[in-house]
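# Analysis of the macromolecular model
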Amino acid sequence: MLKSIIKGFGHYVPNNIVTNDDLAKVMTTSDEWITERTGIKERRHRKSRVDAEETTSYLGYKASLKALETANLTAKDIDFIIFATLSPDYYFPGCGVVLQELLGCDTIGALDVRNQCSGFVYAMSVANAFIKAGTYKNILVVGAEIHSFGLDFSDAGRSVSVIFGDGAGAVVLSATEDENAGDILAVNMHSEGKYAEELAVKFPGTKYGWSDQLVKNPDALTTQEVYPYMNGNFVFKHAVTRFPETMMEALEKAGKKPEDLDMFIPHQANLRISQFVQQRFGLLDEKVFNNIQKYGNTTAASIAIALSEAIEQGKVKRGDLVLLSAFGSGFTWGSVLFEY
Ligand code: COA
C-alpha cells in the first residue's frame, strides 16, 4: 500500500515588514482596530507594487528550494508540481510552469490550483490522490501569494487591505511503502459557488470585463471590480460553521477524535476564527498553530508557511497527528488529516 509522506518543507516571505502603524500612515486605521478584529500585528509586502523579479513564482521558488533541501532531493527528483495561488505572475499561464523553469525540473507536469484560501488543502488532496494511485513519486506542492500589488490602500479598501500579506510555503509529498512512515489519512474538499461574489476580485474576467476595457473605457471600472471585495461579516459567519464541519468530517473518516490531534493548523484567515474553532473543539493552546500575527492572511500560502514553521520549531514531530483546515473564497473549504 502506497503512503503519502511529507518529506520536505519550506517557506519564504519578503523581507519588507509592514506594521499596523505603517498602514495607519496611509489610511484611517489603527494598530488597536486591526489587532482586536484580526490578531494581525504585521505582514510582509514586497518592496514595490510592480516587480518583475520578486513574483509569486519567485516566492514559491524560494520556498521550494528549502523544501527540496529538507527532503534531501534535487529538482530532478520532482515528477509533478502543484501550485496554488490567486495572484499568479500572469493572467495565464499559471505559476506552476514558471516554477518548473526556475527550478530546472525536467519537462514534468505543472498544475495550478485556483481555490484561494483553500488552495493549499486542495493541492495537497490532489497530490495525495496521485501518490496513492502510483502516478507520481515526489510531488512539489506550493502555496504562494503576492497580495500587496493589488490591494486598495485607501480608506475605501481598509477592511480588506489590512488583512492580507505576501509569502510562500512548500512541501514535497512523496510515495513510500515504509510501514513505519506517516501518511495522509483523510481529505475532504467542498464548494458553494452561489457565494462566489462575496469574496472575489471580479476584474479582469469574462463576466465584468476584459483587458480591452482597461484601454477603451477604464473609467467604467468600479473599485469593487478591480480590488478584492469581501463581505467580511458574511465570510466570518460561514467560516465558523464550515471549519468545524470539515474538521469533524476528516477526523471521523480516519476514526479519530479531536483529542487525538497533536496539532491543528487552520488557514490563517483571522485569529478570531481560529480561536472560535479552538474553543469549540476544546483544543489546548499548544495544539493550535497560529502565525497570522506576523504574516497576516497569505491565502494559499498560509497553511504551507504555518506547517513549515511548526515543523521547524519542533512543534510538529514525526508520528504526530496533524489536521490542516481551510475556508475561503468560492466559497471553498476542506481539510487534510495526516500523520507526520
Ligand atoms: N480600520 C479601522 N476601521 C475599520 C477598518 C480598518 N482597517 N476596516 C473597517 N473599519 C470600520 C468600518 O468602516 C466600520 O465602521 P462604521 O461602524 O463606522 O461603519 C467598522 O470598522 C466595523 O466594520 P465591519 O466591517 O463591520 O467590521 P468587522 O467587525 O466585521 O471586522 C473584518 C471586519 C474584515 C475584520 C471581519 O469581518 C472579518 O474578519 N471577517 C472575516 C474575514 C476573513 O476571515 N477573510 C478571509 C477569509 S479566508
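Data block above holds the structure.
### Observations regarding helix H10 (residues 271-281)
The set of residues buried in H10 consists of Leu271, Ile273, Ser274, Val277, Gln278 and Phe281. Projection of H10 onto a plane perpendicular to its axis shows the buried side chains occupying an angular sector of 160 degrees, all on one side. In H10, the exposed positions that point more than 90 degrees away from the buried face belong to Gln279 and Arg280. Buried residues belonging to H10 abut helix H2 (31-38), helix H9 (232-253), strand E11 (263-266) and helix H11 (292-295). Structurally, the start of H10 carries an N-cap: the backbone nitrogen of Arg272 is 2.8 Å from a side-chain oxygen of Asn270.

### A look at the pairing of strand E5 (residues 109-113)
Relative to E5, strand E4 (residues 80-84) is paired through 5 bridges, and the arrangement is parallel. Residue pairing across strands places Ile82 opposite Leu111, the latter belonging to E5. Handedness of the E4-helix H4 (residues 95-103)-E5 crossover: right-handed.

### Description of the site of the ligand
Surrounding the ligand, one finds 23 residues, the nearest of these being Thr29, Arg37, Arg158, Asn233 and Asn270. Gly232 has a polar backbone atom sitting 3.0 Å from a nitrogen atom of the ligand. For the ligand, the accessible surface in isolation is 970 Å², of which the surrounding protein chains cover 72%. When contributions to the shell around the ligand are tallied by element, the ones reaching two or more residues are H2, helix H6 (158-161), H9 and strand E12 (321-328). Counting residues per element, the shell around the ligand draws most heavily on H9, which supplies 4 residues. For the shell around the ligand, a count of residues per class yields 11 nonpolar, 10 polar and 2 charged. Two domains each donate at least three residues to the shell around the ligand, and these are domain 1 (3-176) and domain 2 (183-199 + 228-292 + 305-339).

### Section: the nonpolar core
With 37 residues, the main nonpolar core has Phe243, Leu261, Phe264, Leu323, Phe327 and Leu337 as its most contacted residues. Those elements that provide at least two residues to this core are H9, H10, E12 and strand E13 (332-339). In terms of residue count, H9 provides more of this core than any other element does, 7 residues in total. The two domains that each donate at least three residues to this core are domain 1 (3-176) and domain 2 (183-199 + 228-292 + 305-339). Setting aside its immediate chain neighbours within four residues, Phe264 contacts Phe243, Met247, Val277, Leu283, Lys287, Val288, Phe289, Leu323 and Ser325.

Scoring rules and cut-offs
- Residues numbered from 1 in each chain as written.
- Predicted model: local features only at pLDDT ≥ 70, side-chain atom pairs only at ≥ 80, totals over all residues.
- Heavy atoms only, no water.
- Buried < 20%, exposed > 50% of the residue type's maximum accessible area, 1.4 Å probe, protein only.
- Helix = DSSP H or I, 4+ residues; strand = E, 2+ residues; numbered from the N terminus.
- Arc of directions from axis to C-beta.
- Contact = heavy atoms within 4.5 Å.
- Polar contact = N/O pair within 3.5 Å; in protein donor to acceptor, adjacent residues only side chain to side chain.
- Pairing = 2+ DSSP bridges.
- Right-handed = clockwise from strand over helix to strand, strands pointing away.
- Near = heavy atom within 4 Å.
- Areas by Shrake-Rupley, 256 points an atom, 1.4 Å probe, with all protein chains shown as cover.
- Nonpolar A, V, L, I, M, F, W, Y, C, P; charged D, E, K, R; others polar.
- Domains from an automatic or database assignment.
- Core = buried A, V, L, I, M, F, W, Y, C linked by side-chain atoms within 4.5 Å.

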